[in-house]
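Structural features, examined
Spelled out from the first residue to the last, the chains are:
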Amino acid sequence: MQPTEEERDQTDPTAAVSHPNAAGLPPPGPSQPLSKNAQKKLLKQQKFEAKKAEKKAAEKLHKKLEPERKRKEWDEKLASLSEEERSKLIESRRGMRKERMEKRSKEREMKNERLARANESGQNVVIDLEFADLMAANEIHSLVQQIMYCYAVNGRCAAPAHLWLAGNQGEMESQLQRLPGFDKWIIEKDKRPYIETFQDRTEHLVYLTADSETIVDELDPKKIYIVGGLVDRNRWKGITMKKAEEQMIQTAKLPIGNFLKMSSSQVLTVNQVIEILLKFLETRDWKSSFFDVIPQRKRFGTDSEKYEGETEGEENEKHENNDIKKQCIGTKEV
């Protein structure tokens, strides 16, 4: 399942991440009223949340009524046909359904083969799940959605990465285990911290964090890139950098600033960082990787007409999310 747009904006493995309080307002004290500017931001955020809730309710109702509408259409169509025409139509539909199932089966088989090869020789990318105790249940849920998206996107790649879930235990493991088909995912599920798993390869560990002064130019196949799985980094600024320094491992940051200017901070979600890495592995082009993945709303004044309008597909983002959800949750097919 793919996360919703809200969930995709809640974690940032390479930079400080926004809390659901996107306005970034300090909690009002008992004797400290909000400034006019803060009140405007709060009102704007409240309107956004109300609109989002209204849209979500409408989509939920549509999803509930759609099967009934389609069934009614089908029944009306059958009723308008002769017995012979009806039989032909039903047989034709069965044939189309069989073809779709065979096609999906073949795609699943090819996908599994790609992921199996990646586990042998693909670029190692680790999602660090050791921050679960710092997150609330809803934040862990958000991260789980993003992990589902990461897995689905990786499975679609022609040359997928070798994905790891390190420190997968406790509440994080419990929520992941609740996902239908999770036990069939072709991904490394390791309860141990990555520092233990790769204790004989620590010189190859690279933690991706925006606090690093080192910029990634290329992805080294010998390196093991670590992405921090932590929602609401505003409460824990610099935590991944500090962790890497304590473990005496390398750090680096993506070269986002070399190619585009973010509209605010360089806020990226876990799945966005993973997808950028996957795009780069495919294209060896950072610019196209950033523009393909980072939503236009997060980019400020880009001067590249080539990529203008590319993210108008954001309107269809939720539909794409539903497709990803089917790929992950229907992992009886994975």
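Everything below is about the structure printed above this text.
Residues numbered from 1 in each chain as written. Predicted model: local features only at pLDDT ≥ 70, side-chain atom pairs only at ≥ 80, totals over all residues. Heavy atoms only, no water.

1. Side note on the pairing of strand β5 (residues 224-228)
Within β5, five of the five residues are buried, leaving the element largely enclosed by the surrounding structure. Here strand β1 (residues 124-128) runs beside β5; their pairing, made up of five bridges, is parallel. Residue pairing for β5: D128 is matched across the bridge by G228. By the bridge criterion, four bridges tie strand β4 (residues 205-208) to β5 in an arrangement that is parallel. From the neighbouring strand, L205 faces β5, where its bridge partner is I224. (Buried < 20%, exposed > 50% of the residue type's maximum accessible area, 1.4 Å probe, protein only. Helix = DSSP H or I, 4+ residues; strand = E, 2+ residues; numbered from the N terminus. Pairing = 2+ DSSP bridges.)

2. Here we look at the sheet that holds β5
Across the sheet, which stays open at both edges, the six strands sit in the order β3-β2-β1-β5-β4-β6 with parallel pairing between neighbours. Strands with a single pairing partner mark the edges of an open sheet, and in this sheet they are β3 (188-190) and β6 (250-252). Going from strand to strand, the sheet's axes swing by 25° on average, the running direction of each strand aside. Summarising the sheet, strand β2 (residues 162-166) and β3 pair through three bridges and their orientation is parallel. Across the sheet, W164 pairs through a bridge with E188, a residue of β3. (Axes fitted to C-alpha atoms, helices over the stretch in contact; angles between N-to-C directions.)

3. Brief notes about the packing of aromatic side chains
Here the structure, examined in full by the defined rule, presents seven aromatic pairs. A ring pair is formed by F182 and W185, whose centres lie 4.9 Å apart and whose planes are at 65°; its orientation type is edge-to-face. With respect to class, F182 is no different from W185; both count as buried. On the basis of an interplanar angle of 70° and a centroid distance of 6.0 Å, the ring pair of Y194 and Y207 is categorised as edge-to-face. (Phe/Tyr/Trp six-rings, centres within 6.5 Å; stacked < 30°, edge-to-face > 60°.)

4. A few points about unusual backbone geometry
Although it is not a glycine, M248 adopts a positive phi angle of roughly 55°. Tracing the chain through its elements places M248 in the loop between α7 (239-247) and β6. Within the chain, R284 stands out as a residue other than glycine whose phi angle is a positive 55°. Mapped onto the fold, R284 is located in the loop between α8 (270-283) and α9 (286-293).

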